[in-house]
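Each chain, written out:
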Amino acid sequence: TASYTLVQKLGNQPALNCESAFEDGFIRTEIAGQIIFIANVRTGETLQLVPAQKIATRGKADQHGAGAAPTIADVMKEMTEDQGTYIETIKQSDGTKVDLYRVSQLPAFMGAGKIAEDDVFHVWVDPQTNLPTRIKLRTTTGPQNTSIEMDFSNFHWNVEFPEDYF
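Note that the structure is predicted; figures quoted are calculated from it, not measured.

Caption draft 1: Seen up close, the packing of aromatic side chains. In this structure the tally under the stated criterion is 10 aromatic pairs. One cation-aromatic arrangement involves Arg28 over Tyr165; the distance from NZ or CZ to the ring centre is 3.9 Å. Lying across the ring of Trp124, Arg134 places its NZ or CZ 4.8 Å from the centre.

Caption draft 2: Expanded view of the sheet that holds strand β4 (residues 35–40). The antiparallel open sheet is built from 11 strands, whose spatial order is β6-β5-β4-β3-β2-β1-β11-β10-β9-β8-β7. Unpaired on one side and paired on the other, β6 (55–60) and β7 (84–91) mark the two borders of the sheet. Pairs of neighbouring strands in the sheet enclose a mean axial angle of 20°, with direction left out of account. Sheet topology places strand β10 (residues 131–141) next to strand β11 (residues 146–157); 7 bridges connect them, and they run antiparallel. Looking across to β11, one finds that Leu137 is bridged to Met150.

What counts as what
- Residues numbered from 1 in each chain as written.
- Predicted model: local features only at pLDDT ≥ 70, side-chain atom pairs only at ≥ 80, totals over all residues.
- Heavy atoms only, no water.
- Phe/Tyr/Trp six-rings, centres within 6.5 Å; stacked < 30°, edge-to-face > 60°.
- Lys NZ or Arg CZ within 6 Å of the ring centre and 35° of its normal.
- Pairing = 2+ DSSP bridges.
- Helix = DSSP H or I, 4+ residues; strand = E, 2+ residues; numbered from the N terminus.
- Axes fitted to C-alpha atoms, helices over the stretch in contact; angles between N-to-C directions.

Pasting the structure below:
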């Protein structure tokens, strides 16, 4: 289980600040005061909630790697050992050290695919736990080369969530 902060920016739109979490094949993302999105990674079923308007919408997500939900260990191995290149060890302002990797291909659960040479996909990893402390992706997509930026940070591991959280 984990919780983390995700800041995502699409093109010229303002950045969206999300609080996200995952547990046992479920992902929950919330944009404070606006929307809650819950997805079952195994089945692709989704639930979108707009509490202020009392709207709930069920759906089905595109499943790139349907089946068993990947473990964080599997994802980290794929991003560092299989598709990543070690860049350097960085000493952070609090004195801790993290290993920085450049990932050359999206993990299967993100849709797979090569990362262009001028795109950025970096993962900062705690070398003692092999867990990410930050993940940053910057790329372009579509016919108009719309920029996409995603910055995952503030990771908390082995979090206990209320029973009705997912």
